[in-house]
Amino acid sequence: MYRLNKRAWQILRVEVQRCSGNDQVSKIEQEIVSKRLEKLSQEKGSPAELDELRDSVIDIYPQFSEKVLKQAAKANQPAGIFGKIKWATILLGSSAGIVWVINLPYPMIRWPIAKTAPILLLPSYINMDYHYREAIKNLEQADQFINQATSAVDIEQGSLKAKAAQKNLDNLPVWFLGYYPQAYCNFFGCTWKFTVDEFEAARRRVARIEATAFQDKNALTPLVQGEQLVNIARQQYEKAITIKDKENAIASWQAAIDQLEQIPDSTFAGETAQAKLKAYQRDFDHARIGTFIAAAQEFDLEAEKIQATQPKAASELWEQAVKRLNQIPTENPRYLEAQRLLAGYQVKLKTVVDPRSDTYIEAAKQFALAAAKASQNPPHSVAKWEQIAKLWRKSIDQLENIRVEEPGYVAAQKLLAEYQTNLGIIETRRTAESEAQASLKAANEQIQSLIASPPSDPQQFKGRIQGIINRLKTIQAGTTAYPEAQKLLASAQKRLQ
């Protein structure tokens, strides 16, 4: 350690120049003092104290500033522990600042550093590795929560994971992937290579998951509302005493089911709604049909009481009973029960209003009932469909005997429209069955011909198989030939592969 450091020497030299004049004597005096100070700066030993510094200048410059001497003496002392900490902090801060600047997300800074001293980019590499791994983890978890959701909590959790994955991807310097992706992998010895394409694919996947989560959240609201409305309507129905109250509850029940059916099937709420709708619809149909039958029976009892004194009012009540029973679909288990009640009520109604037209309508109903029974459990053969069609034609013939001027004409026309529609459906089924049998027969003939004389050219062989496939595809579902056609179609498609 030198006895006079540079900083103290500089302080004293400035004061020497201030005290010195411009004449020749002053220059000599200045040179003497400068040599003394220079000698101290070249000597090794303990730092010069204030008295020694004063003795070096005071004999030449009595006016030398005492304040400057003290300042120089203080500057000449070696740095203490706090001084060392100060300089260490400055050095460390400067180094950290340099590393921070080097790790800024600018290619013109990172590119030359990555080529020459990649170790300086260690903070960026650690940060990139963390966010890459977190992005993959959060993305997989978000996908699992959204696509395999079991509750609304899963959807919310999936949305949070998707946002976290998006945040991780935002912290990945995509420019670095395009400039120098392999350096990152080599530095850590990793096996994956996260490219720009993979980065963009991950961002698109996050966007899809977020969109799905948004749709699922929106669909949950009508699901919850629909379930609440169904439960409220069911409770109203169970508490209802009168038929009118039950019918009002049925209407609310139907509205709630309609709301659930409008939820998109592609959402979690839609899948949940579809799973619950079967039970809701079953309970609703049971309640609805039960209400129709109960209402019809109630109308019948009331009509029986007033038939003798108020035949017109009794007729209106039986008409209401018939109207309720006509709303019961043929596929309902209580359809036959409803038809038996319906036949009895119609007889009573026609007895009051029009015995002649009532006879024709009753006969038409019997044929219609026989046709409905015969058409159950399809598919049927062409002959069976033709037999059913004949029954519907006989029903229609009975109704057409009722003249316009007869009181039962309007009721007969309503039934006539319904029976003609049913006849049209049966004839369509008969035609479809006939065409299906013809197509199946032709396909079998083509198959037998192909087996008997297969072409040597593979393309011709595939062409003939394709022709068989096209023929089998024309066979409609709901025909007796359809199951066999599907088996032949699967076999033909396997041969075509």
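Conventions and cut-offs
- Residues numbered from 1 in each chain as written.
- Predicted model: local features only at pLDDT ≥ 70, side-chain atom pairs only at ≥ 80, totals over all residues.
- Heavy atoms only, no water.
- Helix = DSSP H or I, 4+ residues; strand = E, 2+ residues; numbered from the N terminus.
- Buried < 20%, exposed > 50% of the residue type's maximum accessible area, 1.4 Å probe, protein only.
- Contact = heavy atoms within 4.5 Å.
- Areas by Shrake-Rupley, 256 points an atom, 1.4 Å probe, with all protein chains shown as cover.
- Axes fitted to C-alpha atoms, helices over the stretch in contact; angles between N-to-C directions.
- Parallel < 35°, antiparallel > 145°, perpendicular 65-115°, else oblique.
- Left-handed = near helix turned anticlockwise from the far one by under 90°.
- pLDDT = per-residue confidence, 0-100.

1. Notes on the overall build of the protein chain
- The helix and strand tally for the protein chain stands at 20 helices and zero strands.
- Burial statistics for the protein chain: of 497 residues in total, 37% are counted as buried.
- Counting contacts in the protein chain only where the partners sit at least 6 residues apart, residues at least 24 apart contribute 65% of the total.
- Carbon together with sulfur atoms contributes 55% to the accessible area of the protein chain, which is approximately 29000 Å² in total.

2. Structural notes on the environment of tyrosine 409
- Structurally, tyrosine 409 is set in helix α18 (residues 409-452).
- With sequence-adjacent residues up to four places away left out, tyrosine 409 is seen in contact with Ile402, Arg403 and Val404.

3. Points about the environment of arginine 36
- Position of arginine 36 among the secondary structure elements: in helix α2 (residues 24-42).
- Relative accessible area serves as the criterion here: at 28%, arginine 36 is assigned to the partly exposed category.
- The sequence separation of arginine 36 and leucine 53 amounts to 17 residues, and the corresponding C-alpha distance is 9.5 Å.
- Ignoring anything within four residues of it in the chain, the contact list for arginine 36 reads Asp55, Ser56, Val57, Asp59 and Ile60.

4. So, the packing of helix α3 (residues 50-58) against helix α4 (residues 66-76)
- Where α3 contacts α4, the axes come no closer than 9 Å and their chain directions differ by 130°. Of the possible angle classes, the one that applies to α3 and α4 is oblique. For the element pair α3 and α4, the recorded crossing hand is right-handed. Across the interface between the two elements, Leu50, Leu53, Arg54 and Val57 from α3 touch Glu66, Leu69, Lys70, Ala72 and Ala73 from α4.

5. Comments concerning the confidence of the model for the protein chain
- Of the residues in the protein chain, 84% have a pLDDT of 70 or more, and the chain-wide mean is 80.
- Considering each helix and strand of the protein chain separately, the mean pLDDT is smallest for helix α10 (residues 181-188), with a value of 43, and largest for helix α17 (residues 382-400), with 94.
- Low pLDDT, under 50, characterises residues 179-192; the stretch is placed with 25 contacts to residues that sit more than four places away or in other chains.

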